[in-house]
Amino acid sequence: MAREDLEGRGSGEGVKNRGNNNYDSSPTCLVHEGEAQWTSWLVPMFVVANIAVFIVSMYINDCPKHNNSGVQGKCVARFLGRLSFEPLRENPLFGPSSSTLEKLGALEWTKVVIKHQGWRLITCIWLHAGVIHLLANMLSLVFIGIRLEQQFGFVRIGIIYLLSGFGGSVLSCLFIRNSISVGASGALFGLLGAMLSELLTNWNIYTNK
């Protein structure tokens, strides 16, 4: 009786294990296991860093102080004090002035090429022209970056983000010479390209195409 019971348990476990093996070998489970290996923390840190830099840039901008005459219009959201936005005529994206962005490290061809301020190729990635610009980039970063970091880890995603941002800055410096450039769009397009590359490479293992 005990032997039969033991054999029954053993055969039941064998069926269960075979079932689990069949499930584990499914393409969907492979993708889920890959995503569950990592906890996303680098992308949220990037988001926090970008928001912090924007707040600092607004604090340094101090619209009420340099716009007392109101020649260009009144500061937007003056109840925020020195964090209030520039007049919409100067910056319709609800952000600081171009001179503040330039002072904090915005990308400008003249200063990079002629004055050899190459550090602007990096600092411009963390600056944003306004709230609208910041929200658009950070929402894209959350939707794209967190999934990629969960699946491939923070090292690869961090390298792709920084290298893509640097490459985007170089291209902007080459082709945009009459205005300043800021934003993490180059880094975001790098993550988007990585996501599309991963989808095309592993297309056959996805069940829900």
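Trainee: When you look at the state of the cysteines in this model, what are you seeing that I'm missing?
Mentor: Chemically, a disulfide is nothing more than a covalent bond linking the sulfur atoms of two cysteines. A complete count under the given rule lists one disulfide for this structure. Bridging cysteine 63 to cysteine 75, the disulfide has an S-S length of 1.9 Å. What sets the handedness of the cysteine 63 and cysteine 75 disulfide is the S-S torsion sign, and at about -90 degrees it is left-handed. Residue cysteine 63 is located in helix α4 (residues 63–66), and its partner cysteine 75 is located in the loop between α4 and α5 (98–104); the two are separated by 12 residues in the primary sequence. An identical accessibility class is assigned to cysteine 63 and cysteine 75; each is buried.

Trainee: Explain the side chain of asparagine 137 to me, please; I cannot follow it from the model alone.
Mentor: Position of asparagine 137 relative to the elements: it lies in helix α8 (residues 131–152). Here asparagine 137 falls in the buried class, since its relative accessible area comes to 7%. Sequence-distant contacts of asparagine 137, defined by excluding residues within four places in its chain, comprise His128, Gly183, Ala184, Ser185 and Leu188.

Trainee: It is not clear to me how the packing of aromatic side chains should be interpreted in this structure. Could you clarify?
Mentor: With the rule as written, the count across this model stands at five aromatic pairs. Geometrically, the ring pair formed by tryptophan 126 and tyrosine 161 is tilted, given 6.1 Å between the ring centres and 45 degrees between the ring planes. With a gap of 35 residues between them, tryptophan 126 in the loop between α7 (120–123) and α8 and tyrosine 161 in helix α9 (residues 154–175) connect regions that are remote in the sequence. On the basis of relative accessible area, tyrosine 161 is assigned to the buried category, the value being 0%. Of the aromatic side chains, those joined through ring pairs into one cluster are Phe46, Trp126 and Tyr161. In this structure, arginine 82 is placed above the aromatic ring of tyrosine 59, and the distance from its NZ or CZ to the ring centre is 3.8 Å.

Trainee: How should I be thinking about the environment of phenylalanine 46 in this particular structure?
Mentor: If you trace the backbone, phenylalanine 46 turns up in helix α3 (residues 42–61). Under the relative-accessibility criterion, phenylalanine 46 is labelled buried at 9%. Once the C-alpha coordinates of phenylalanine 46 and methionine 138 are considered, the two residues, 92 residues apart in sequence, prove to be 8.8 Å apart. In this structure, phenylalanine 46 is in contact with Trp126, Leu141 and Tyr161, ignoring residues within four places of it in sequence.

Trainee: Help me understand the confidence of the model for the protein, please; the structure alone is not making it clear to me.
Mentor: The predicted structure's coordinates, where accompanied by low pLDDT, should not be read in detail. A residue-level look at the protein finds 80% of positions with pLDDT of 70 or above and a mean pLDDT of 84. Here helix α1 (residues 2–24) stands out as the least confident element of the protein, with mean pLDDT 45; α3 is the most confident, with 97. Overall, residues 1–35 carries pLDDT values under 50, and its contacts beyond four positions in sequence, including any with other chains, amount to 17 contacts.

Rules of the game
Per chain, residue numbering runs from 1 following the sequence as it is written. The predicted nature of this model means local features are confined to residues of pLDDT at least 70 and side-chain atom pairs, given and counted, to a pLDDT of 80 or more, with totals for whole chains, interfaces and linings taken over all residues. Only hydrogens and water are removed before side-chain values are computed, so all heavy atoms of the structure are retained for them. A pair of sulfur atoms, both from cysteines and within 2.5 Å, is called a disulfide here. Helix and strand labels come from DSSP, where a helix needs a run of H or I of at least four residues and a strand needs a run of E of at least two; each type is numbered from the N terminus. Throughout this description, buried means an accessible area under 20% of the type-specific maximum (1.4 Å probe, protein chains only), exposed means over 50%, and partly exposed covers the range between. Contacts are assigned to residue pairs with any non-hydrogen atoms lying within 4.5 Å of each other. Whether two aromatic rings pair depends on their centres lying within 6.5 Å, for rings of Phe, Tyr and Trp, where Trp uses its six-membered ring; planes under 30 degrees apart make the pair stacked, over 60 edge-to-face, and the rest tilted. Think of it as a cone above the ring: NZ of Lys or CZ of Arg counts as a charge over the ring if it is within 6 Å of the ring centre and within 35 degrees of the ring normal. Every residue carries a pLDDT, the predictor's confidence in it, which falls somewhere between 0 and 100.

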